[in-house]
Amino acid sequence: MFQSRPGARRIAFLLTFAVTCCFFGKLFYDIRTDRRQSLEHAEQHSRGLASALHEHALRTFNGAEATIDSLARGIATISHTGLPDEHHLQQLFAAHASSQSVLATLFIATPDGILHAVSSEYPVRQVNISDREYFRHHAASKDPSLFISKPFRSRLDNQWLITVTKRLSNPDGSLRLIVGVSLTAQYFSSFYSTLELLPTDRILLLRKDGTLLSMGPFSEALMATAPNKLFPPELLLSAEAGTLPNAKVPLDGTERVISYRSSSTYPIVAVISLDRQERLNQWSARTRRELASSALLLSLVGALALLISRQVARLKEANRQLSEQKLELFRAKQRSQEIVNSIDGIVWEYDLPSGRFTFISEQSESITGLAATRWLNDPGCWCERIFPGDQTWLAWLEHDPERLPGDAIFEYRFKTDRGAWIWLRDLVSVVHENGVPARLRGVMLDISQEKQAEAQLLEYRQAVEGSNDMVSVVDRDYRYLMGNRAFLGYLGLERHQLLGKTVAEVMGAPRFRELKPYLDACLAGDSVSFEQQTRSPSGEPRDLAFSFSPVVQRGVVTRVACIGTDTTQQRALEEQLRQAQKMEATGLLAGGIAHDFNNILTVIIGYCSVMQMRLLPADPNRNSVDQVLAAAERAAGLTRSLLAFSRKQVMNPRQVDLNGIVRHVEHFLGRVIGEDITLETRLAPEPLYIFADSGQIEQVLMNLATNARDAMPEGGTLQVQTQLVDLEPGRIGFSWCSTGRYALLSIADTGMGMDEATRAKIFEPFFTTKEVGKGTGLGLAMAYGIALQHNGQIMVESELGQGTIFKVYLPITSCQEAAPPPDEPRAEAQAGCELILVAEDETAVRELVRSILMSFGYRVLLAADGAEAVEQFRAHRDEVDLVLLDLIMPKLSGKAAYDEIQRLKPGIPTLFTSGYTADVIRSKGELAPETELVMKPVHPLHLISKVRELLDR
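Residues numbered from 1 in each chain as written. Predicted model: local features only at pLDDT ≥ 70, side-chain atom pairs only at ≥ 80, totals over all residues. Heavy atoms only, no water.

If you look the chain up in an unreviewed UniProt entry, it shows as histidine kinase from Geomonas limicola.

A. Region of interest: the sheet that holds strand β15 (residues 421–433). Strand order in the open sheet formed by 5 strands is β13-β12-β16-β15-β14, and the pairing between neighbours is antiparallel. Of all strands in the sheet, those bounded by a partner on one side alone are β13 (356–360) and β14 (407–415). Recorded for the sheet is a direction-independent mean angle of 30 degrees between the axes of neighbouring strands. The pairing of strand β12 (residues 346–351) with strand β16 (residues 436–446) spans 6 bridges and is antiparallel. Bridging across to β16, V347 finds its partner in V443. Strands in contact with helix α11 (residues 448–466) are β14, β15 and β16; relative to β15, the strand with the most contacts, it is inclined by about 130 degrees. (Pairing = 2+ DSSP bridges. Helix = DSSP H or I, 4+ residues; strand = E, 2+ residues; numbered from the N terminus. Axes fitted to C-alpha atoms, helices over the stretch in contact; angles between N-to-C directions. Contact = heavy atoms within 4.5 Å.)

B. Molecular detail of the UniProt feature "modified residue: 4-aspartylphosphate" (unreviewed entry) in the chain. UniProt records the feature "modified residue: 4-aspartylphosphate" (unreviewed entry) for D886 in the present numbering. Structurally, the position occupied by D886 is in strand β31 (residues 880–886). The contact partners of D886, leaving out residues within four places of it in the chain, are A839, E840, D841, G894, T913, S914 and K936. (UniProt positions renumbered as here; feature names shortened; annotations may be inferred.)

C. Expanded view of helix α23 (residues 894–904). Regarding α23, the residues found buried are G894, K895, A897, I901, Q902 and L904. Summarising the contacts, the buried residues of α23 are in contact with α22 (866–875), β31 and β32 (910–914). (Buried < 20%, exposed > 50% of the residue type's maximum accessible area, 1.4 Å probe, protein only.)

D. Representation of the sheet that holds strand β11 (residues 268–275) in the model. Pairing is antiparallel in the open sheet, where 5 strands are placed in the order β8-β7-β11-β10-β9. The open sheet has two free edges, formed respectively by β8 (212–216) and β9 (241–248), since each of these has just one partner strand. Strand-to-strand twist in this sheet, taken as the mean axis angle between neighbours without regard to direction, amounts to 20 degrees. Relative to β8, strand β7 (residues 202–207) is paired through 4 bridges, and the arrangement is antiparallel. What sits directly across from L206, in β8, is L212. Across the sheet, helix α4 (residues 185–192) is in contact with β7 and β8; its angle to β8 comes to roughly 40 degrees.

E. Structural context of the pairing of β31. Summarising burial for β31: 6 of the 7 residues are buried, a large majority. The sheet contact formed by strand β29 (residues 835–839) and β31 spans 5 bridges and is parallel. By the bridge assignment, V838 is partnered in β31 with L884. Between the parallel elements β31 and β32, the chain passes through α23 in a crossover that is right-handed. (Right-handed = clockwise from strand over helix to strand, strands pointing away.)

So this is what it looks like as structure tokens:
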């Protein structure tokens, strides 16, 4: 197959050539790298050897110098001048014998150049050494430092020696003697033999003046050679250490890698001279071996390639014939597969004898998520995923496999590999062989979208039919094509009475004339929305909102979809909301003026009460004061009524029984309504416990009874009833409530009743139907505010001439147990002499309180705000007996001042006053239940009684 392609051989040749070039390129690169690394290794090796040689030389000469210094000290102990006798010197030599392992001989020479003593010979022979280099050096120089001489042969044993000597001087500076040690050349040679060197490598130990001291391998011929021929001259001029990677030696011209290291202690230089060419020869040997191995490998590869090429050539013809057969077979299979894949479904074949699928088209994976191989390998892959209860052709096989019908269609649900259910329509046919059913063939079509469309259509139909909106469709001839259940119910018609009829026939001609402009505008392509007030076929007034939308098919409006919504109840709820908002706005206005008005009334009532107490009964001014005080009391009552309406009156709620409240005020109600009106009470059999201010609930009963009395001028019946009811916010008119149980207080009269306009304003403050001067218009407004302040509601039902029923709903408490009645405070006013701290930001009120308290004998400290009250109390904490605080003050509120005062003196009696509304008081912090609070305007006697009560506790 490879050679049958055009240009295959050329591609193979180029590929082989490229691989070969890469191989040899890499090989030559490695060879070059190996050469460089070999030379670098030689340089590193030479530097290491030079360091080792240098260290060895230092240790040797350090040892020699130490021995010489020790001998010099020993000689000094024997005599300070002249020559010691040889006997004492031998004893010194013997004492240093243990440290002479690296030294050949210890010796002492005279200033005349005669060898005076030697450690290796006793008695010593008289040998003249005046010609030696070290003697000439010491005779000429008074330098006491160590001197290393050039090598020479010993006159005692003919060995090559290096002497290390020092000069000992007389006190006058003249030469006394020379002390030295000799080192043998073999000592250095034995160390050189431990180093890793080639035979052609050299080791040189030089003096800094170029004198050769030692070499390895040792050669007498080279020792006699001029030293500067063994190393390049620039070596002595270089730094203390260095490497010459390619230096030529003058002696033989060879290229060498030379590393050297000189000493700052002794005038010596350690030199390692490695044969560079010998290292390159080693590298060349490795390179030849690698090239030979590569050539052998290349030959083997070439031979193998030739064998493969011949084998490919033999298979070429057979491969071509096989390729032609496969191509023809592939084209036939491809044509068949294209035909099968063009079908938008799963083409399948099922073998009846084996019970397995023998063919599945590729569409199976895109439709079901199952690859065709899973269908073919797993017989249960298909049947296990069928929805339980759905019928398939498996029922044929289970019933009578020998008598199968010809063709059939099945629809069933199938679970895909992703876990989703799809609908399949299976078109099945039976294939017979020799008159016996042998195989089943078919196509599975995915009809999920079709089923989904049917389900959506059904959902739409159910949604339209179940909608409370009136839905209908009208064609271009104004005939009804459909109408939902709500529309039919509104018209009171059956479906067959609507479909096919025109709008005029169903609605009537006048109604059709009203709707026709909107229908025509919609048929022109515009959506239309409008509202109308009309009457239903039963005659009831209804508010309707319509929305007409064009239905377009192929660019043409063919019909109109009409949706009508009955908004009658919504309009009523909107009207209720507007009324509630108006009442809330009025309440906000009433609560806003309460504080300032209460302060004014406090001053008026206070000073009038003081004047009233001071005037005699016969005083002609007494009546005027009484009239002013009565008017102020009426104004205070008016303020309380406004606050009750606005739900901002301060309450004292507790758990009470509504039935008990009705029984308590029943005899008062009889007096209010008069003898010509019959009072009937019908109380619930069980207690109705509510959380309420009983005084305010009694006020509601009195106000409603008064209103009922005025509605029955000729007499009648007033019925008061209590009962337990369950409410839900879903009921009409009860959107204000939460689901639960409520106590219902009903007050019904048989009076003249009210029309709709009066009912809409009945709870507005200052609204009244009575004559001028016979009512304030706050009685029902006050009842409305109290009901809402108790989280309840008051509702009215009335028609002209049919009487009126007021219904007050109050939530039932969860704990149905009677609460103990509160203790009644004492009302008597008593004088005292205690010191009272009064904090009030209103100047007139502050002066009034001071005057009242002082008139009863009390001492008073005044403060204009909370901060001043705290400072006054801090200054007189042990004297103050009671604190009277206005609850709302600048800088520091009464509650904050109270907390600070209690911290300074816990338990100090405190009385709060306020003219603000309940919501403002709550915004400044909730007061504890036991806190004493009196609301403005307050009568002076009530204030004095409250003060006395707190002081006497």
